[in-house]
Amino acid sequence: MYMKNGNMENRVSFVSLGPGDEAWVTVAARDALRVAEKVYCPSVEDRQGRRRSRAAELARALEIDPAKIICFDLAMREERTAAHTAYDQVFEWVRADYMAGLRVAVAVEGDVSIYASIHYVMDRLETAGVPVEQVAGIPSFIAAAAMARLSLVSQEEKLLVIPGHASVEELDRWLTEGCVVVLMKLSRQANALKEYLCEHPSYLYYYMENVATPEAICLTDVPAILARSFPYFSLLIIKTNNS
């Protein structure tokens, strides 16, 4: 079923916020957030217990009425019970708002199409007959490459993006086959990755955390990378020396 607000078909917009600073929010995302009558925004808790919400920044930088932004708590942990409970609540809120004829946006960290667990809510809404749309954003690894002044892939190179879980054998095979490897969510296997860096000094490593924020860090020196405690918002780009 489709509902109308005036002459415009109403859809729930899942809006990508990009990697960090509001300067990286696209014009399309900004417009979708501005026209929405309600904006649901995650307050993210990482594995270290740190909480991050961009609600105040969005309201100020994008000139959005803060009264229409509703925050929901989202724990980013391996055990997904708390996250699914939060998503169940968001689903109920959004569906009720849609049925009331409101224009609703759900803000999503990064890009909604890349490792975004909010798809759980999108799928439930579509099953319930609520139309949705995705508003694309700038992925964190693209912003990271810009931050490092790095040509991410060129010529016949292949780009492989994986969510932190990779064996030594897999990494060696991918790099030998000419892949540039982007590892996301490094905290999932920090010790194994640090061991890999020590045992494979010939590769080029670009470590980034909190990309496109005032706290952003970019490191290419292996000892400096090894000294870091990898937070949830971190990634590693691995290239061969002949890339």
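That block above? That's the structure.
Residues numbered from 1 in each chain as written. Predicted model: local features only at pLDDT ≥ 70, side-chain atom pairs only at ≥ 80, totals over all residues. Heavy atoms only, no water.

Caption draft 1: Spotlight on the overall build of the protein chain. Along its length, the protein chain carries eight helices and 13 strands. Out of the 243 residues belonging to the protein chain, those deemed buried represent 49%. Counted over contacts in the protein chain with a minimum sequence separation of 6, partners at least 24 positions apart contribute 70%. For the protein chain, the computed accessible surface area is about 11600 Å², with 52% contributed by carbon and sulfur atoms. (Helix = DSSP H or I, 4+ residues; strand = E, 2+ residues; numbered from the N terminus. Buried < 20%, exposed > 50% of the residue type's maximum accessible area, 1.4 Å probe, protein only. Contact = heavy atoms within 4.5 Å. Areas by Shrake-Rupley, 256 points an atom, 1.4 Å probe, with all protein chains shown as cover.)

Caption draft 2: Structural view of the pattern of salt bridges. Across all of its chains, the model carries seven salt bridges by this definition. Here Asp 88 and Arg 124 are joined by a salt bridge, their closest N and O atoms 2.9 Å apart. Highlighted residues: Asp 88 in helix H3 (residues 81-99) and Arg 124 in helix H4 (residues 119-127), separated in sequence by 36 residues. Classification of Asp 88 as partly exposed rests on a relative accessible area of 29%. Here Lys 239 and Glu 157 are joined by a salt bridge, their closest N and O atoms 3.7 Å apart. Placement of Lys 239 in strand S13 (residues 234-239) and of Glu 157 in the loop between helix H5 (140-147) and strand S9 (158-162) is noted, with a sequence separation of 82 residues between them. Lys 239 sits in the buried class, given a relative accessible area of 4%. (Salt bridge = Lys/Arg side-chain N within 4 Å of Asp/Glu carboxyl O.)

Caption draft 3: Structural view of the side chain of Lys 239. One polar contact links the side chain of Lys 239 to the main-chain carbonyl oxygen of Leu 152, over a distance of 3.0 Å. The residues contacting Lys 239, other than those within four sequence positions of it, are Leu 150, Ser 151, Leu 152, Glu 157, Val 180, Tyr 203, Leu 204 and Tyr 206. (Polar contact = N/O pair within 3.5 Å; in protein donor to acceptor, adjacent residues only side chain to side chain.)

Caption draft 4: Region of interest: empty space enclosed by the protein. Overall, the coordinates contain one cavity of 30 Å³ or more when judged by the stated rule. Its volume calculated, the largest cavity comes out at about 560 Å³. Grouping the constituent residues of the lining of the largest cavity by class yields 20 nonpolar, seven polar and five charged. (1 Å grid on protein atoms, 1.4 Å probe; cavity = no way out; pocket = protein on both sides within 12 Å on 5 of 7 lines; lining within 4 Å. Points joined across faces, edges and corners; volume = space filled by probe spheres on them. Nonpolar A, V, L, I, M, F, W, Y, C, P; charged D, E, K, R; others polar.)

Caption draft 5: Geometry of the packing of aromatic side chains. This model, assessed by the stated rule, comprises four aromatic pairs. Arranged with centres 5.7 Å apart and planes meeting at 15°, the rings of Tyr 40 and Trp 93 form a pair that is stacked. You can see Tyr 40 sitting in strand S4 (residues 38-45) and its partner Trp 93 sitting in helix H3, a full 53 residues away along the chain. Classification of Trp 93 by relative accessible area gives partly exposed; the value is 32%. In this structure, Arg 124 packs its charged tip against the face of Phe 91, placed 3.9 Å from the ring centre. Against the face of Phe 230 rests Lys 194, its NZ or CZ located 4.9 Å from the ring centre. (Phe/Tyr/Trp six-rings, centres within 6.5 Å; stacked < 30°, edge-to-face > 60°. Lys NZ or Arg CZ within 6 Å of the ring centre and 35° of its normal.)

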